[in-house]
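# Reading the structure
Single-letter residue listing:
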Amino acid sequence: MEILRVFLVLVFVIGSTVTAFGNTVSDESVEGIVGSDLTLKCPFTLPDGDTLYKNSWTIEMNGSPSNVYTYYANPDSGPQRALRHLVNRSEAVCSDTECRLTIQKLLTTDAGTYKCRVEFEQSTSQDKVFILTVYSPPEEFKLKGHKSNYHKGDNLSVECFAKESEPNTELTWKINGQRVTDPYEVDTNYGDGRTTSRLQLNDINKVTSQFGKKIECIAKSPGNAHQDSKYFLLTGVFLLLILLVALVMFLLRSNVPQI
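This section reports on the structure supplied with the text. (Residues numbered from 1 in each chain as written. Predicted model: local features only at pLDDT ≥ 70, side-chain atom pairs only at ≥ 80, totals over all residues. Heavy atoms only, no water.)

### Some words on the overall build of the protein
Helix and strand counts for the protein come out as three helices and 18 strands. Expressed as a percentage of the 259 residues in the protein, the buried residues total 35%. Contacts in the protein between residues at least 24 apart in sequence constitute 60% of all its contacts with a sequence separation of at least 6. (Helix = DSSP H or I, 4+ residues; strand = E, 2+ residues; numbered from the N terminus. Buried < 20%, exposed > 50% of the residue type's maximum accessible area, 1.4 Å probe, protein only. Contact = heavy atoms within 4.5 Å.)

Structure follows, in structure tokens:
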């Protein structure tokens, strides 16, 4: 009897686990940009012989769900309406395979954990969870401290900063398309809405050995939904001399009288 009881418990646990995984889709992290539109896609499998009844969207607030949008497949079953702060900025629609919630003109307050629940006339409902981050790009993004040209033996110290972003902007450096990863060359600090990164190169001759290099600072949001960059061209004195000689030759050739 004891063995049979253990067997039945295992069957129940396994069956419950399979059911749970069958009805809940894995969480999805989503990132949007302030002022842009965003669509959350909630796919589902319509059971054979069943029909869609309702699609509801909630957001987690203070540990409990708060209604965001309710959509009824049959308008006679109830009103299709947006609740809370999404009034006049959202719309939910459903097909036979997917429900979508579109939020217009995203605000930072739209961020949170959203749950999509698809209910059927007869079968068990299906859920999907979205973790939405809303990124506000920096109001100011600049490079400072660089010069127009460098001599052999010079040190390079240039700073890149992004101010007033939420969450903090991530900054990385590239030299001719190759990311700088040496911790002794890059120092990045994060503050309240401000990110500062300094690139320090002590052997400038290596950087200018190919007549010039592109030094680039890349600012991106944590989820890569937004990216921007600032750069300057680092030129050595040798390259400037070549350009100067070429310019002089061009001017002299232009002034040669035609015979």
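### Describing the nonpolar core
One broad trend across soluble globular proteins is that nonpolar side chains are buried collectively. Of all hydrophobic cores here, the largest spans 25 residues; its most connected members are L40, W57, V68, L101, Y114, V118 and F130. For this core, the elements supplying multiple residues, two or more each, are strand 2 (38-43), strand 3 (52-61), strand 4 (64-72), strand 6 (90-94), strand 7 (98-103), strand 8 (112-120) and strand 9 (126-135). Of all the elements, strand 8 adds the most residues to this core, at four residues. If you look at the next biggest cluster of nonpolar residues, it comprises 19 residues, including L143, L171, L199 and A219. (Core = buried A, V, L, I, M, F, W, Y, C linked by side-chain atoms within 4.5 Å.)

### Observations concerning the state of the cysteines
In the structure shown here, the tally under the stated rule is three disulfides. The disulfide partner of C42 is C116, and the S-S distance across this bridge is 2.2 Å. Sign of the S-S torsion, about -90° for the bond between C42 and C116, identifies this disulfide as left-handed. Within this pair, whereas C42 is found in strand 2, its partner C116 is found in strand 8, the two being separated by 74 residues in sequence. (Disulfide = S-S within 2.5 Å.)

### Describing unusual backbone geometry
For the bond running from E166 to P167, omega is -10°, close enough to zero to count as cis. Mapped onto the fold, P167 is located in the loop between strand 12 (156-163) and strand 13 (170-175). Positioned with a positive phi, N224 is a non-glycine residue whose angle comes to about 70°. Note on placement: N224 falls in the loop between strand 17 (212-220) and strand 18 (227-236).

### Side note on the sheet that holds strand 12
Overall, antiparallel pairing links the four strands, which are arranged 10-12-16-15 in an open sheet. Of all the strands in the sheet, just strand 10 (140-144) and strand 15 (186-190) have a single pairing partner and so form its edges. Between one strand and the next, the sheet's axes are offset by a mean angle of 10°, whatever the strand orientation. Of the pairings in the sheet, the one linking strand 15 to strand 16 (residues 194-201) comprises five bridges and is antiparallel in character. Across the sheet, residue V186 finds its bridge partner in strand 16, namely L199. (Pairing = 2+ DSSP bridges. Axes fitted to C-alpha atoms, helices over the stretch in contact; angles between N-to-C directions.)

### Quick notes on the pattern of salt bridges
In the structure shown here, the tally under the stated rule is eleven salt bridges. One salt bridge connects K54 with E119, and the closest N-O pair in it is separated by 3.8 Å. On the criterion of sequence distance, the pair formed by K54 in strand 3 and E119 in strand 8 is long-range, its members being 65 residues apart. Judged by its relative accessible area of 22%, E119 falls in the partly exposed class. With its nearest N and O atoms 3.9 Å apart, the salt bridge here joins D127 to K115. Here K115 lies in strand 8 and D127 lies in strand 9, a separation of twelve residues in the sequence. What you see here is one network of salt bridges that share partners, running through K115, R117 and D127. (Salt bridge = Lys/Arg side-chain N within 4 Å of Asp/Glu carboxyl O.)

### A word on the side chain of D127
Under the relative-accessibility criterion, D127 is labelled buried at 9%. There is a polar contact of 2.8 Å between the side chain of D127 and the side chain of R117. (Polar contact = N/O pair within 3.5 Å; in protein donor to acceptor, adjacent residues only side chain to side chain.)

### A word on the pairing of strand 16
Side-chain positions along a regular strand alternate between the two faces of the sheet. Across eight bridges, strand 12 lies against strand 16 in antiparallel orientation. Each bridged residue has a counterpart across the sheet, and for K163 the counterpart in strand 16 is R194. Counting the residues in the hairpin turn of strand 15 and strand 16 gives three residues, including G193, whose phi is positive at 75°.

### Remarks on the pairing of strand 4
By the bridge criterion, eight bridges tie strand 3 to strand 4 in an arrangement that is antiparallel. Opposite M61, over in strand 4, you have S64 as the bridge partner. Counting the residues between successive antiparallel strands, the hairpin from strand 3 to strand 4 contains two residues, one of them, N62, with a positive phi of roughly 55°.

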